[in-house]
Amino acid sequence: MPFRDCSIMSERAEFCRLAVAPGANVRGLCRRFGLGSPRTAYKWIERYRAGGLAALADRSRRPHAGANRSSAEVEARIVALRGEHPCWGGRKLRRLLEWEGVAPVPAASTITAILRRHGLLDGPGAGVSRDWVRFEHPAPNDLWQMDFKGHFPLASGRCHPLTLIDDHSRYALMIGACADEREATVRSRLERLFRRYGLPRRILADNGPPWGAGEPLRFTRLGVWLLDLDIAISHGKPRHPQTQGKEERFHRTLKAEVLAGRSFADLVEAQAAFDVWREVYNTRRPHEAIGLEVPASRYRASARDMPHAIEPPDYEPQTLVRVVCAKGRITLKGRQYRFSKAFAGRRIALRATSTDGVFDLCYRRHILAQVDLRQDVTKSVHHVPEQGVTLSPV
């Protein structure tokens, strides 16, 4: 079975988790994972359904102990789990004990007290609950959040971690150890990701390069490529990191559990560490925002495949169509409007709105801005769903 990249066990596990999700296309996943024989794939799926992760090993694994543990044994196990996961608190460790079949399972506050007694809590505020207001999209792949975590030095060069998480499930789709933050680097990583998991409906990123380019429209060539794949792209508010709160929190966890106090020789070693931790994060680490379940329990692959080729946009016959010039401008009714150089040479559509003289400026199915032909060209118009920009004549 030609699994690649990470360990064979983690590849098998991820394939089977995605394959047993409701509505999964098993043959499509076989293509994405490079599996030549669906028959072999169905064999692993049957084993996974019958015996879970343990059934995917080449050799049988020892069964979990079923006998009741004394309080001393439970306490020793809590200390051991904290040693394996130094950043996890009472609620997460309690969830692990439940999954391991420990009975009776101590309350989270009791586990916190055990950790404090053993000197395993960090700082005076550790273990204190906090109130958060959380928002999430209703289904997997409705929105992915993407960002670079702050780069850090290697023995040779620097590492720029590129991360993507699914908004609904918190599933870590990728932690890429990149040498730079250039468009070509990000695009190559995204191509591999889209072939593995399919296409999301929207990606949320910040305003910096390579996906943000300033006013009036924050599109780069990378953003246009995403639109060509029918993936909408949104940008957070400037100087407002809360828009990407899940990514910010994910980066904090990545720093605490992987990067703190460690150094790496090169990108290969950093990527290996990222791959190991990503498996833990997705399949073993209970996530409080989703009821102490693991992200893998809520994620399923997208039904939208990465296309082999991108077709040019096809607009309705009655639609006004303009080609963006090399300087990123369009002409309408004798007026020039500054649009975006990222669309140079591409055909865009202008569709009339319910307001006379106001047109939605569209690329494919996406509304990017509005053009106002009325005399008072600076007059505000209603919000545009994706970009919210009104263009004025140059």
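Owing to the predicted nature of the structure, the values given are computational and were not obtained by experimental measurement.

## Quick word on the pattern of salt bridges
Between side chains of opposite charge, a pair can form when the charged atoms approach closely. As enumerated under the stated definition, the model contains 19 salt bridges in all. Asp-167 is the salt-bridge partner of Lys-246, the closest N and O atoms lying 3.1 Å from each other. Pair noted here: Lys-246 is in helix H9 (residues 245-259) and Asp-167 is in the loop between strand S3 (158-166) and strand S4 (172-178), with a separation of 79 residues, a long-range link. For Lys-246, a relative accessible area of 17% gives the class buried. For Asp-228, the salt bridge identified is with Arg-346, shortest N-O distance 2.9 Å.

## What to know about the packing of helix H2 (residues 26-33) against helix H3 (residues 38-51)
One way to put it is that H2 packs onto H3 with a least axis distance of 10 Å and a crossing angle of 105 degrees. The orientation of H2 with respect to H3, classified from their angle, is roughly perpendicular. Contact residues: H2 offers Val-26, Arg-27 and Cys-30, while H3 offers Pro-38, Ala-41, Tyr-42 and Ile-45. Split into classes, the residues belonging to the contact of H2 with H3 amount to 6 nonpolar, no polar and 1 charged.

## Notes on the confidence of the model for the protein
Note: predicted coordinates in regions of low pLDDT should not be interpreted at a detailed level. Looking at the protein as a whole, the pLDDT averages 82, with 83% of positions reaching at least 70. Scored below 50 in pLDDT, residues 123-128 shows 4 contacts in the model against residues more than four places distant or in partner chains.

## Describing unusual backbone geometry
Excluding glycine, most residues fall at negative phi; most peptide bonds, likewise, are trans. Of note in the backbone geometry, Arg-170 takes a positive phi value of approximately 65 degrees without being a glycine. In the Ramachandran plot, Lys-333 falls in the positive-phi region, its phi being about 55 degrees despite a non-glycine side chain. Within the fold, Lys-333 resides in the loop between strand S8 (329-332) and strand S9 (335-338).

Rules used throughout
Residue numbers restart at each chain and count upward from 1, following the sequence in its written direction. In keeping with the model being predicted, local features are shown solely for residues with a pLDDT of at least 70 and side-chain atom pairs are shown and tallied solely at 80 or more, while totals for entire chains, interfaces and linings include all residues. Side-chain figures throughout are based on the complete set of non-hydrogen atoms in the structure, without hydrogens or water. Within this document, salt bridges are pairs made up of a side-chain nitrogen of Lys or Arg and a carboxyl oxygen of Asp or Glu, the two lying within 4 Å of each other. In this text, helices come from DSSP runs of H or I with a minimum length of four residues, and strands from runs of E with a minimum of two, each type numbered from the N-terminal end. Residue burial is assigned from relative accessible area. The probe radius is 1.4 Å, only protein chains are included, and a residue is buried under 20% of its type maximum, exposed over 50%, and partly exposed in between. Here, axes are lines fitted to C-alpha atoms. For helices the fit covers the stretch in contact, and angles between N-to-C directions go from 0 to 180 degrees. In this scheme, roughly parallel covers angles under 35 degrees and roughly antiparallel covers those over 145, while 65 to 115 is roughly perpendicular and the rest are oblique. Contacts are assigned to residue pairs that have any heavy atoms within 4.5 Å of one another. Polar here means any residue outside two lists: the nonpolar Ala, Val, Leu, Ile, Met, Phe, Trp, Tyr, Cys and Pro, and the charged Asp, Glu, Lys and Arg; Gly therefore counts as polar. Confidence scores per residue from the predictor, reported as pLDDT, run from 0 to 100.

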